[in-house]
Amino acid sequence: MTTPSPYGGMRPFSGVLPLDEALQRIAAVATAVEGQVSVALPDAAGRVLAADVPAPFDVPGFDRSAMDGYAVRTADLVSASEDAPVWLTLAGRARPGAAFGAEVAPGSCVDTATGAPIPAGADAMVMVERTVREGARVRFTRPAGVGDHVSPRANDVREGVVVLRAGDVLTPARIGVAASFGLRALRVRRRPVVALISSGDELLDAAEAEGPPRAGHIYDANRAMLAAICEASGAEVRPLPLVRDTLDAWRAAFDAAEGADLLVCSGGSSVGEQDYGGDILAERGEILFHGIAVKPGKPTAFARVGSQLVLAMPGNPTSCLSNAYVILRPLVRQLAGLPPLPTITREATLTRPLKSPVDRLQFYPVRLDGDHAVPVFKGSGDVTSLSDADGYVEVPIGVAQVDAGTRVVVRLY
Ligand code: AMP
Ligand code: MG
């Protein structure tokens, strides 16, 4: 059942903002969420470190061989040359994890592998390639310098030095650093919780139906799509049940979203009779904007409901996804404490002309085919319009057409 809007019929947008300004208004209120949790190292990839990690001990914790060869006393080799080689007695071996237990006596050397502790008494390593071994003797033909091919204790990190910083994103290398200190868990920022609402009387939930939809209905595409974007942007997603086109259904949905840091809605964000997105935002919170000068995705609203942020987007999957890349992804990353994603671009030649409304910034999806950018947009209601696209071309405000053959910048998704 559809109830009439309290405002009656169509209600025009109060003001349509340029995208830059909309993004600024979002950035001004989207701060990283408070709170931290401990995660096991295998689950830490991509998380944001919550506190500095000082090295709990020196690495390496002992003087370590950086070469396969012989640990020597440099004093023994001072006179060594091609013409007058010095022969040292092989006293034993040192391997990683298996130290040579004794002190190296003058006149002797120890067969020492890369990673093994340098035996006491020795002060340099000589590469195996520079030596000749005969039974229990080893021949040296040049002097060695003190410390040659030795990684001294704490060469990499000294105890107490901060090796990972609060705010660092946990890359494989940083997880490797934590592992090398024997850490099993790290304190990271908690993930922002994002509640997802899809609205519309026509929507079906795959959990409740299967096969072709009954007449006039469609499956909800947006919650799954937005969940994918939000999760990849560092959020924990909470999908809520489908919302029907009544103000009461929206009220119940907003109640159910309580506690989420961000509520993302799709559908009902425009000015039609059945569109209650704007009404519920006005009733519950403070609308920071409603309407952006972009195509697709103009009927987009952003609001604050208590401490919760709400982004309401149009239901067309293409509009919704386009906005999700341009607006939602940076927003979620900010809430997660993640740095902005770098924009990756390719230059290509447009294969067909693009038309664009002069009063809006257009995001036109294209597929890259070698050096060509092939427009793939079919229609804003067509779910496959974006699945073939590699990225999009921005057509600025004031430009009505981009001709075929133009070199364009494609921004990859
Ligand atoms: P609305 O934004 O509610 O005006 O919806 C615009 C168009 O998108 C309509 O054709 C809807 O049927 C369609 N639509 C809305 N929500 C969804 C959704 N979650 N999944 C797929 N299509 C949707
Ligand atoms: Mg609708």
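Thresholds applied
Residues numbered from 1 in each chain as written. Chains lettered and ligands numbered in written order. Predicted model: local features only at pLDDT ≥ 70, side-chain atom pairs only at ≥ 80, totals over all residues. Heavy atoms only, no water. Salt bridge = Lys/Arg side-chain N within 4 Å of Asp/Glu carboxyl O. Helix = DSSP H or I, 4+ residues; strand = E, 2+ residues; numbered from the N terminus. Buried < 20%, exposed > 50% of the residue type's maximum accessible area, 1.4 Å probe, protein only. 1 Å grid on protein atoms, 1.4 Å probe; cavity = no way out; pocket = protein on both sides within 12 Å on 5 of 7 lines; lining within 4 Å. Points joined across faces, edges and corners; volume = space filled by probe spheres on them. Nonpolar A, V, L, I, M, F, W, Y, C, P; charged D, E, K, R; others polar. Near = heavy atom within 4 Å. Polar contact = N/O pair within 3.5 Å; in protein donor to acceptor, adjacent residues only side chain to side chain. Areas by Shrake-Rupley, 256 points an atom, 1.4 Å probe, with all protein chains shown as cover.

1. Some remarks on the pattern of salt bridges
Here comes step 1: For the structure on display, the rule yields 16 salt bridges.
Here comes step 2: With a closest N to O distance of 3.2 Å, Asp111 and Arg95 form a salt bridge. With Asp111 in strand β6 (residues 108-112) and Arg95 in the loop between β5 (86-94) and β6, this residue pair connects regions lying 16 residues apart in the sequence.
Here comes step 3: Accessibility expressed as a relative area gives 14% for Asp111, which makes it buried.
Here comes step 4: The partner of Arg407 in a salt bridge is Glu347, with the nearest N and O atoms 3.7 Å apart. Here the residue Arg407 occupies a position in strand β28 (residues 407-412), and Glu347 occupies one in strand β22 (residues 345-350), the gap between them amounting to 60 residues.
Here comes step 5: Given the relative accessible area of 51%, Glu347 is considered exposed.
Here comes step 6: A cluster of three or more residues bridged by salt bridges with shared partners is formed by Asp205, Asp220 and Arg223.

2. Structural notes on the layout of surface pockets
Here comes step 1: Reported here for the largest pocket is a volume of approximately 640 Å³.
Here comes step 2: Taken together, 27 residues form the lining of the largest pocket, with Tyr325, Val326, Pro330, Leu341 and Thr343 sitting closest to its centre.
Here comes step 3: Elements represented by at least two residues in the lining of the largest pocket include exactly α1 (19-29), α6 (317-336), β26 (391-395) and β28.
Here comes step 4: A total of eight residues in the lining of the largest pocket trace back to one element, the largest contributor, which is α6.

3. Structural notes on empty space enclosed by the protein
Here comes step 1: In total, this model carries one cavity of 30 Å³ or more according to the counting rule given.
Here comes step 2: A volume near 50 Å³ is recorded for the largest cavity.
Here comes step 3: Among the elements of the structure, α6 and β24 (361-369) are those that each provide at least two residues to the lining of the largest cavity.
Here comes step 4: Residue composition of the lining of the largest cavity, by class: seven nonpolar, two polar and no charged.

4. Describing the site of ligand 1
Here comes step 1: Taken together, the neighbourhood of ligand 1 is formed by 15 residues, with Glu202, Asp220, Ala221, Gly268 and Gly315 sitting nearest.
Here comes step 2: Ala221 places a polar main-chain atom, nitrogen or oxygen, 2.9 Å from a nitrogen atom of ligand 1.
Here comes step 3: At 3.2 Å from a nitrogen atom of ligand 1 is found a side-chain nitrogen or oxygen belonging to Asn222.
Here comes step 4: Its free accessible area being 490 Å², ligand 1 has 75% of it covered by the protein chains.

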